[in-house]
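Chain by chain, the residues run as shown.
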Amino acid sequence: MELSRMKVEFVAEAGAAEVLALLVHEGRQFAGQNAEHDEKAGGSLARAMKNSRFNGAPNSTLIVAAPQGVSADTIVLTGAGASGALSDLTVEAAAAAAYHAVKLSGATTLTLDVGSLSAEQAARAAFAVRLAAYRFDKYLTRQKPEKIPSVTTVRVVTSDVKAAESAFAPLSAVADAVLFSRDLVAEPANVLYPAEFARRVKELESLGLEVEILGEAEMEKLGMRTLLAVGQGSVRESQLAVIKWNGGKAGDAPIAFVGKGVCFDTGGISIKPADGMEEMKWDMGGAAAVTGLMHALAGRKAKVNAVGVLGLVENMPDGDAQRPGDVVISMSGQSVEVLNTDAEGRLVLADCLWYTQERFKPQFMIDLATLTGAMIISLGMEYAGVFSNDDGVAGGVLEAGPKVGEKVWRMPLPAEYERHIDSPIADVKNMGNGRAGGSITAALFLQRFTNGTPWAHIDIAPTAWVKDSRNPTVPDGAVGWGVRLLDRMVADKYEA
């Protein structure tokens, strides 16, 4: 999707509108000053609500056609939930729901009257519509016109246009980053393989980021053999992308983010079942999230030094692929017994984490990875699991989650489970004893490559892709999960 497709405007008055959206609280109470529109319409909006099941509940809408007295062709009443509890996320959901209600209507402009909300919440409404309007449609060559959204402009009515525009600027940068991340996750693996992923990251230098790309020869010299072992069965060369944003004080230690970028995961010799394997194109969701975060930090000129490290590989089962039972020496010098080649993400991250802490001496590291199916068994499809050796780092993640609607849950790292990844012939093996606690033993494996650096691991296997989204700002498919979470954490905790 072209990031500029949805045009955003802030205006002082609604004027004549094709579609006018009004926020309504539960109990059919208009938000702010929106009751004035009903008065102009002679109470027709209130009567329409009374004669329907719409009562202002979140994510609900009611379309009222051409009411007299109002300068609009169509009114959309959109649920804002309980009065007095109008959070940023509630505003986002109401605005996005209004967009979805009319996106195929033929109208080109949606005007949102957010009543007496703050300029910041007016900006949130526009931000939400940008996220809601995302479609990955670049390969749809024969769409019927009536299936293509017609709304291309959102106008938000606010009493302080300049303040709303100022508040929207950083949010727009975050929206750009989320959409960029979604595009990466949605691409098929024949298009987005490691070198192409790296090329797209390199293009982000136009935002002011510094990008280095390391190939297999450079990684071999560094001793990154667990990462290279994952990709050795593929004809696609593995890559390491290093992204730097220098927005803080010169000399200050950076904060670091590491992403698993398995551009396609067959499982290798331990091959996955055919059913559902096509979904493994999004096994690079962690790397996409880190890329999106760095995009956001640069886009809004964040006052922080940050580095992102992406391990980009393809896990394929040819004659050169690593075998179950192989022993590989990691960059850290630790030997790893590979019992299952489908437990590959932790092998990629092992070298990436060690490289990051050794080269950059960061304040902390956070890695994101679609790491384990066990995480889905543990938490379902709504929450990502957080594992950490540091309460401060974990706390920043846990506090940011509810603010942006990306749910996280802290998981244990019990020392007594370490024995499950001890190997009789190597320093560590790449899976535990059976399926029990699989997400925990995977996190414990990663912890052995942090060298004591404050660290958190976020297992986003449940959240990187959604098939039946209930969040109106997140269409089905690629979520871009983690960009908003970590951007908010950085803004709240680590910027000067």
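Residues numbered from 1 in each chain as written. Predicted model: local features only at pLDDT ≥ 70, side-chain atom pairs only at ≥ 80, totals over all residues. Heavy atoms only, no water.

For helix H6 (residues 194–202), every residue scored as buried is listed here: Pro 194, Glu 196, Phe 197, Ala 198, Arg 200 and Val 201. The inward-facing, buried residues of H6 contact helix H5 (161–186), strand S8 (210–214), strand S9 (239–246), strand S10 (255–265), helix H9 (285–299) and strand S11 (305–315). (Buried < 20%, exposed > 50% of the residue type's maximum accessible area, 1.4 Å probe, protein only. Helix = DSSP H or I, 4+ residues; strand = E, 2+ residues; numbered from the N terminus. Contact = heavy atoms within 4.5 Å.)

Taking burial as the measure, the five residues of strand S14 (residues 365–369) include five buried ones, the bulk of the element. Here S14 shows no split at all, with Met 365, Asp 367 and Ala 369 on one side and Ile 366 and Leu 368 on the other all buried. Alignment of S10 against S14, held across four bridges, turns out to be parallel. Bridging from a neighbouring strand, Phe 257 pairs with Ile 366 of S14. Here five bridges tie S14 to strand S18 (residues 455–459), and the two strands are oriented parallel to one another. If you follow Asp 367 over to S18, its bridge partner there is His 457. (Pairing = 2+ DSSP bridges.)

With 101 residues, the main nonpolar core has Leu 112, Phe 197, Phe 257, Ile 366 and Ile 458 as its most contacted residues. At 13 residues, the largest contribution of residues to this core is made by H5. Setting aside residues no more than four positions away along its own chain, Ile 458 makes contact with Ile 366, Asp 367, Leu 368, Ala 369, Ala 384, Gly 385, Val 386, Val 397, Trp 481, Leu 485 and Leu 486. In terms of nonpolar packing, the next biggest core, distinct from the first, is built from 44 residues, Val 242, Phe 360, Met 365 and Leu 371 among them. (Core = buried A, V, L, I, M, F, W, Y, C linked by side-chain atoms within 4.5 Å.)

Strand order in the open sheet formed by three strands is S12-S13-S17, with mixed pairing between adjacent strands. Of all the strands in the sheet, just strand S12 (326–329) and strand S17 (428–429) have a single pairing partner and so form its edges. Here strand S13 (residues 335–338) pairs with S17 via two bridges, running parallel. Residue pairing across strands places Glu 337 opposite Lys 429, the latter belonging to S17.

The next point concerns helix H4 (residues 119–132). Between its first and last C-alpha atoms H4 spans 20 Å; for 14 residues at 1.5 Å apiece the expected length is 20 Å, and the two agree. Of all the 14 residues making up H4, 13 are buried; the element is thus mostly covered by neighbouring parts of the structure. (Expected span 1.5 Å × (residues − 1).)

In this section: the sheet that holds S14. Pairing in this open sheet of eight strands is mixed, and the strands run S8-S9-S11-S10-S14-S18-S15-S16 from one edge to the other. With one partner strand each, in any of the chains shown, S8 and strand S16 (408–410) form the two edges of the open sheet. Here the strands of the sheet are splayed against their neighbours by 20 degrees on average, with no regard to which way each runs. In this sheet, S16 lies alongside strand S15 (residues 384–388) in parallel orientation, the contact comprising three bridges. Following the sheet pairing, Ala 384 is matched in S16 by Val 408. Sitting on the sheet, helix H13 (residues 438–447) is in contact with S14, S15 and S18, with an inclination near 145 degrees to S18. In this fold helix H14 (residues 483–493) packs onto S10, S14, S16 and S18, with an angle of close to 175 degrees to the strand it touches most, S10. (Axes fitted to C-alpha atoms, helices over the stretch in contact; angles between N-to-C directions.)

Aromatic ring pairs are described here by two measures, namely the spacing of the ring centres and the angle between the planes. By the definition in use, this model includes eight aromatic pairs. Arranged with centres 5.6 Å apart and planes meeting at 65 degrees, the rings of Phe 10 and Phe 168 form a pair that is edge-to-face. Pair noted here: Phe 10 is in strand S1 (residues 7–11) and Phe 168 is in helix H5, with a separation of 158 residues, a long-range link. Between the aromatic rings of Tyr 355 and Phe 360, the centroid separation amounts to 6.4 Å while the plane-to-plane angle is 80 degrees, which identifies the pairing as edge-to-face. Note on accessibility: Tyr 355 and Phe 360 belong to one class, buried. Chaining the aromatic ring pairs together yields one cluster made of Phe 257, Phe 364 and Tyr 494. In this structure, Arg 236 packs its charged tip against the face of Tyr 193, placed 3.8 Å from the ring centre. (Phe/Tyr/Trp six-rings, centres within 6.5 Å; stacked < 30°, edge-to-face > 60°. Lys NZ or Arg CZ within 6 Å of the ring centre and 35° of its normal.)

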